[in-house]
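One letter stands for each residue in the lines below.
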Amino acid sequence: MNTPTITEHLAYALRLARGAAIALGLWFAAVFAATLVLNPPDIVAFGDSDAILRSVAANGGAPLRIGRGFVAARMPSAQATRALIGRGAWAVWPTTGGTCVDPDVLRKAFGANV
């Protein structure tokens, strides 16, 4: 009888993990590319929340949700969505939208009367 050794199981596990990482990376890249090509109205941008909020406001967007490391927003154009990439967002994905942000959050973020 030939019983598999621990090194054979380890090699299989590493192969499986590598395949899963490649598949996940391709999926993230496809979603990112689709966001930039299809221009969905509602997006979620990941990165520095403060910088993304300033970019959303500067490009005529409306924030929908704000969290640590992400901002969901409604953007007016493909150009406005692409501008987020150069201004603090390391990834931009489509989203289904959501409710408006609490005015107190906007006052804190923009220092203006909302």
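Preceding this section is the structure that the text describes.
In this text, all values refer to a predicted model and were calculated from it rather than measured experimentally.

(A) Region of interest: the packing of aromatic side chains. Throughout the structure, instances matching the rule amount to 5 aromatic pairs. Relative to tryptophan 93, the ring of tryptophan 27 lies with its centre 5.8 Å away and its plane at 75°, an arrangement referred to as edge-to-face. Of this pair, tryptophan 27 sits in helix H1 (residues 6–38) while tryptophan 93 is found in strand S4 (residues 89–94), placing the two residues 66 residues apart along the sequence. Seen from their ring centres, phenylalanine 28 and tryptophan 93 are 5.1 Å apart, and the 20° between their planes marks the pair as stacked. A residue pair is termed long-range when its members are at least 10 positions apart, and phenylalanine 28 in helix H1 and tryptophan 93 in strand S4 qualify at 65 residues. When its relative accessible area of 33% is taken as the criterion, phenylalanine 28 is described as partly exposed. In this structure an aromatic cluster arises from ring pairing among Trp27, Phe28, Phe46, Trp90 and Trp93.

Cut-offs used in this document
- Residues numbered from 1 in each chain as written.
- Predicted model: local features only at pLDDT ≥ 70, side-chain atom pairs only at ≥ 80, totals over all residues.
- Heavy atoms only, no water.
- Phe/Tyr/Trp six-rings, centres within 6.5 Å; stacked < 30°, edge-to-face > 60°.
- Helix = DSSP H or I, 4+ residues; strand = E, 2+ residues; numbered from the N terminus.
- Buried < 20%, exposed > 50% of the residue type's maximum accessible area, 1.4 Å probe, protein only.

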